[in-house]
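# Secondary and tertiary structure notes
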Amino acid sequence: MNRFHEMSVFLAVAEAQGFAAAARRLAMSAPTVTRSVAALERRLGTLLLVRTTRSLRLTEAGARYAADCRRILEAVEQADDAAAGAMAAPRGSLHITAPARFGELHVMPAVMGYLRQHREVSVRALLVDRVVNLLDEGVDVAVRIGALPDSTLTAVPVGQVRRVVCASPDFLRRNGTPDSPDALARFCTITAAMEGRGSQWRLLQDGQPRRLPLDSQLTVTSFQAAVAAAREGWGLTQVVSYQVARDLASGALQVVLRDYELPPMPVHVVYPEGRRSSAKVRSFVEFCVEALRRDLAALPV
């Protein structure tokens, strides 16, 4: 078994976090995958994976080796693409990532539209509410919301979204409308508190960004649950504008405290420098940028 194949098998196991799942992805038998990784570990003289009856995890050496395998195999794939004339014919596996809800609402329709036009491309979409390290996790293209740190990533702007405070018309009729961030303490609120982000709302006051801690009667770990509760008239909630676009358009929810909103957050399509030379990345970026610009321009203002 050649080294590139060994690397591919090991990387599949590392990404799938299991031999059976990797075997299904590679269309191989699980025993063959297990033997391949064991042979690789013997050749390298080090343990790459720690196996138990219920789980599998990378050792420190295994994590480093997996990152190196991604870079090496990507370079090999790019070399093959160039030699095969892939600049004119997108093909192969494309790995993308986006925030979970934004990905469901806006990125996945673009992905499906792209795949209808490019039958020789397959996509693995990682829709998660964390910043994925593109190089370490072998991701080709990402959609990012918010300010971007300085990096080697190439970024294409596609639009903006806002943090909005909203409630149902019925709730506002029954309870009135807050006229300042300080007034929120007198209202029933719903907070979406994501892991590691706390339960603070972000607003602008006296021209300065302000983090407003609220003692919400209802706190959830899902923006969709917060929106659903607000739609039912439970209280006010703060979410990102794309998450309530349909409800705002239908009138099910109304925006309040508009004068206290923070500046809009930019949305970018990003990819590692140099990857656009691949036909699959270049063509997907162009397709996705056009689709997202169209979608974001149509969001309620």
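Residues numbered from 1 in each chain as written. Predicted model: local features only at pLDDT ≥ 70, side-chain atom pairs only at ≥ 80, totals over all residues. Heavy atoms only, no water.

What follows is about the sheet that holds strand β12 (residues 236–240). Read across the sheet, five strands follow the order β11-β8-β12-β7-β13 without closing on themselves; strand pairing throughout is mixed. The open sheet has two edge strands with one neighbour each: β11 (218–220) and β13 (254–256). The average undirected angle you get between the axes of adjacent strands in this sheet is 35°. Looking at chain direction, strand β7 (residues 163–167) and β13 are connected through three bridges and run antiparallel. By the bridge assignment, valine 165 is partnered in β13 with valine 256. (Pairing = 2+ DSSP bridges. Helix = DSSP H or I, 4+ residues; strand = E, 2+ residues; numbered from the N terminus. Axes fitted to C-alpha atoms, helices over the stretch in contact; angles between N-to-C directions.)

A general trend in soluble globular proteins is that nonpolar side chains are found buried together. Counting residues in each nonpolar core, the largest one holds 29 residues, and the members touching the most others are Phe102, Val141, Val143, Val161, Val269 and Phe284. Counting only elements with at least two residues in this core, the list comes to β3 (92–98), α5 (100–117), β5 (141–145), β6 (153–161), β14 (265–272) and α9 (279–297). The biggest single contributor to this core is α9, with seven residues. Residues within four places of valine 141 in sequence aside, it is in contact with His95, Ile96, Thr97, Val269, Val270, Tyr271, Val281, Phe284 and Val285. Core analysis: the second largest hydrophobic core is formed by 20 residues, Val9, Ala14, Ala23 and Leu40 among them. (Core = buried A, V, L, I, M, F, W, Y, C linked by side-chain atoms within 4.5 Å. Buried < 20%, exposed > 50% of the residue type's maximum accessible area, 1.4 Å probe, protein only. Contact = heavy atoms within 4.5 Å.)

This brings us to the side chain of threonine 237. Counting through the fold element by element, threonine 237 comes out in strand β12. Among the polar contacts made by the side chain of threonine 237, one reaches the main-chain carbonyl oxygen of isoleucine 190 at a distance of 2.8 Å. Not counting residues within four places of it along the chain, the set of residues in contact with threonine 237 comprises Val164, Val165, Cys166, Ile190, Trp201, Ala226 and Ala230. (Polar contact = N/O pair within 3.5 Å; in protein donor to acceptor, adjacent residues only side chain to side chain.)

Right, let's get into the packing of helix α1 (residues 3–16) against helix α2 (residues 19–26). Contact geometry of α1 with α2 gives a least axis separation of 8 Å together with a crossing angle of 125°. Taken together, the axis directions place α1 and α2 in an arrangement best described as oblique. Read as a crossing pair, α1 and α2 show a hand that is right-handed. Residues Val9, Ala12, Val13, Glu15 and Ala16 of α1 touch α2, and the partners they reach there are Phe19, Ala21, Ala22, Arg25 and Leu26. Residue composition of the contact of α1 with α2, grouped by class: eight nonpolar, no polar and two charged. (Parallel < 35°, antiparallel > 145°, perpendicular 65-115°, else oblique. Left-handed = near helix turned anticlockwise from the far one by under 90°. Nonpolar A, V, L, I, M, F, W, Y, C, P; charged D, E, K, R; others polar.)

A word on the environment of arginine 282. Within the fold, arginine 282 resides in helix α9. Spatially, the C-alpha atom of arginine 282 lies 16 Å from that of alanine 75, the residues being 207 residues apart in sequence.

What follows deals with α1. Between its first and last C-alpha, α1 extends 20 Å over 14 residues, near the 20 Å set by a 1.5 Å rise per residue. Near the N-terminus of α1, the side chain that reaches the backbone nitrogen of phenylalanine 4, with its oxygen 3.1 Å away, is that of asparagine 2. The first or second residue beyond α1 is glutamine 17, which carries a positive phi of 60°. (Expected span 1.5 Å × (residues − 1).)

Here the focus is the domain arrangement of the chain. Interface size, as often reported, equals the accessible area lost upon joining of the parts. Here the domain parsing of the chain yields domain 1 (3–83), domain 2 (89–159 + 265–298) and domain 3 (163–260). Here the C-alpha centre of domain 3 lies 45 Å away from the C-alpha centre of domain 1. (Domains from an automatic or database assignment.)

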